[in-house]
Amino acid sequence: MLLVMEPTLGIDIGRVIIHGDGPDTSFIGATDDEAMRAPEMAGALEAIGRLVPLFDGHVWLVSKCGPRIAERSLRWLDHHRFWETTGVARERVRFCRQRKEKAGICRELGIGWFVDDRLDVLVPMEGVVRHRFLFGASYAAAPAVYPVPDWTTAEACIRATRGA
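Keep in mind the model is a prediction, meaning the values are calculated, not measured.

A look at the overall build of the protein chain
The number of helices and strands found in the protein chain is 7 helices and 6 strands. At 15 Å, the protein chain has a C-alpha radius of gyration in line with the 15 Å of a compact globule built from 164 residues. With the principal axes as the frame, the protein chain shows a C-alpha extent of 50 × 35 × 30 Å. Within the span of the protein chain, comprising 164 residues, buried residues form 46% of the whole.

Brief notes about the side chain of His131
Mapping His131 onto the fold places it in strand E5 (residues 131–135). Ignoring anything within four residues of it in the chain, the contact list for His131 reads Gly112, Trp113, Phe114, Tyr146 and Thr161.

A short note on the environment of Gly163
Summarising the element assignment, Gly163 is placed in the segment after helix H7 (151–162). According to the relative accessible area criterion, Gly163 is exposed, its value standing at 65%. For Gly163 and Lys102, which are 61 residues apart along the polypeptide, the C-alpha to C-alpha distance reads 25 Å.

Rules behind the numbers
- Residues numbered from 1 in each chain as written.
- Predicted model: local features only at pLDDT ≥ 70, side-chain atom pairs only at ≥ 80, totals over all residues.
- Heavy atoms only, no water.
- Helix = DSSP H or I, 4+ residues; strand = E, 2+ residues; numbered from the N terminus.
- Rg over C-alpha atoms; globule rule 2.2 N^0.38 Å.
- Buried < 20%, exposed > 50% of the residue type's maximum accessible area, 1.4 Å probe, protein only.
- Contact = heavy atoms within 4.5 Å.

As structure tokens, this is what we get:
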């Protein structure tokens with residue numbers, strides 16, 4: 001029997017969906033209430049919402065963090081109505097403790113497109129994830145990794161590689 005995998009998109013959470021720690025916003029170093037005020041990355045929810053139908057709902061969030069930040073991330077996603085706005089199913093979230101584990105998760109889930117803000121996550125996915133996008137970058141210092149400075153560019157590149 002031949003197993004056919006559906007086209008599947010994977011997306012990191014921190015600094016890709018939720019604006020990361022910096023001089024103007026805080027998520028990890030904040031109190032729980034302050035973290036809920038961290039904004040989304042500009043255009044993230046809308047772009048993801050348009051991409052979900054392109055992948056027939058096969059979209060996963062894959063993030064590296066410990067239990068406290070995992071719970072905070074889920075709380076932020078609930079608070080900002082991520083599930084309702086994007087159409088991503090709430091049960092399609094996987095957390096891991098080490099960045100190198102993301103490649104194995106992608107293999108397990110059949111992820112063929114992945115958006116992350118860290119090159120050290122995307123490089124080990126070579127041979128596992130066909131389309132890798134370095135979010136927040138204007139150039140990628142690795143072969144076959146597409147730099148996408150924002151969600152407008154990310155959505156356009158994902159659509160182009162998906163053949164939409």
